[in-house]
Amino acid sequence: MSSDPSAPCTPFSFELYPPRTAANDAALHETVLRLADAGPDFISVTYGAGGSSGGRSLDVLRFIRENTDVEPLAHLTCVGNTYAAAASLIREFLDAGILSFLALRGDPPAGRSEAYLGDLESAAQLVQLIDRVQTESAPYEETPIPGLPRAARITHRRTVNIAVAAFPKGHPRSTHRTQDVEALLAKQAAGATFAITQLFFHADDYLAFVERARAAGVTIPILPGIMPITSPTRLRRVLELTGEDLPSELSIALEIEPTAEGRREIGIRWASRLAREVVDGGAPGVHLYAFNQHETVLTVLAEAGLLPALRS
Ligand code: FAD
């Protein structure tokens, strides 16, 4: 663990999802404020494929923008959309002052065929569309002035940040090993400014992927996505969603631990070791999947030696 107080801080960021019901809004707002106090580079908010949670995602993003100094980053998926609908969605987010995106293809809903994809077939095409819509929109933005509710500062709109997904262990749809690096190269060529990885369980999965990507010409930063897995149920669920191989050591430890608190500690220990290892291996930061709770991810960062003193 790094204990040198003069060592430069490693950037970190968090992912949240929009609450399923308004009853959970207050708890999420508290989580946003607590995460913001830690000084992340950005907080990202997931987006339901097919627009199922778009409005609620934007509400959370607005809350982050209006109540913290942290950059809100919107996940956007293109699945099932026409070009016109996707462009108007992007405009809606830009008009709300959101300037950072994670451009995703998304997955057709269960039971729908790949033909449901819509006009945009890949994340790379969505990256280009975000870039185009941003260029076409008004070249200025209004920034609220703290303490003056009706006043706004007019500033030149800055360029958007467009992140994309990367898959160290391969996307479940990939048919060969190099396809994921090729897909990332295509996203970079389309204008992506950085990548965030799917969760992985071993530092070498990430470090070897970055090495392959660099050798192939990927130059954008690749942020490792780290998820603290604190129960066997969560582990099963993420394996189903991601197609990752079962990490047997973690799986056994979670299965045999009798208490919820003990399982939480196992998940935190695993994630903090992973965070430390990837940072030591050269990762430009860490992106933590927070599951709308602040304590676990903040403890992961603290145990990894990556949490600067909280701002007062
Ligand atoms: P793409 O980059 O277009 O493709 C993904 C992979 O598919 C490529 O790596 C490539 O290997 C393969 N591929 C691409 N084209 C083809 C082809 N023609 N034939 C065969 N294989 C091909 N989903 C949501 O709905 N909402 C979210 O908020 C969300 N957030 C996410 C955040 C992160 C960090 C990650 C890693 C994933 C997230 N996802 C989310 C899931 C994502 O939508 C799915 O993984 C989706 O299947 C692929 O999206 P993509 O942007 O990577 O697609």
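Rules of the game
Residues numbered from 1 in each chain as written. Predicted model: local features only at pLDDT ≥ 70, side-chain atom pairs only at ≥ 80, totals over all residues. Heavy atoms only, no water. Near = heavy atom within 4 Å. Polar contact = N/O pair within 3.5 Å; in protein donor to acceptor, adjacent residues only side chain to side chain. Areas by Shrake-Rupley, 256 points an atom, 1.4 Å probe, with all protein chains shown as cover. Helix = DSSP H or I, 4+ residues; strand = E, 2+ residues; numbered from the N terminus. Nonpolar A, V, L, I, M, F, W, Y, C, P; charged D, E, K, R; others polar. Salt bridge = Lys/Arg side-chain N within 4 Å of Asp/Glu carboxyl O. Core = buried A, V, L, I, M, F, W, Y, C linked by side-chain atoms within 4.5 Å. Buried < 20%, exposed > 50% of the residue type's maximum accessible area, 1.4 Å probe, protein only.

*Asks:* How should I be thinking about the site of the ligand in this particular structure?
*Replies:* Residues in contact with the ligand amount to 24 residues; listed here are only the nearest, Y47, D107, H171, S174 and K187. At 2.7 Å, a side-chain N or O of H171 approaches an oxygen atom of the ligand. Between an oxygen atom of the ligand and a side-chain N or O atom of S174, the distance comes to 2.7 Å. Here the ligand has 970 Å² of accessible area as a free molecule, and 80% of this is covered by the chains. When contributions to the shell around the ligand are tallied by element, the ones reaching two or more residues are β3 (71–77), β4 (100–104) and α5 (179–190). Among the elements that take part in the shell around the ligand, α5 stands out by supplying 4 residues, more than any other. Taken together, the residues of the shell around the ligand break down into 10 nonpolar, 9 polar and 5 charged.

*Asks:* Looking at this model, I keep getting lost on the pattern of salt bridges. Mind explaining?
*Replies:* Where charged atoms from two side chains of opposite charge come close, those side chains can pair. Overall, the coordinates contain 10 salt bridges when judged by the stated rule. For E136, the salt bridge is made with R132, and the minimal N-O distance between the two is 3.6 Å. Highlighted residues: E136 and R132, both in helix α4 (residues 123–136), separated by 4 residues, approximately one helical turn. Of the charged contacts, one joins E261 and R264 as a salt bridge, the two residues approaching to 3.5 Å between their closest N and O atoms. Pair noted here: E261 and R264 are both in helix α9 (residues 260–280), with a separation of 3 residues, about one helical turn.

*Asks:* Explanation requested: the nonpolar core in the structure shown.
*Replies:* One recurring pattern in soluble globular proteins: nonpolar side chains tend to sit buried together. Of all hydrophobic cores here, the largest spans 95 residues; its most connected members are F93, L184 and V286. Considering each element in turn, this core owes the most residues, 8 residues, to α9.

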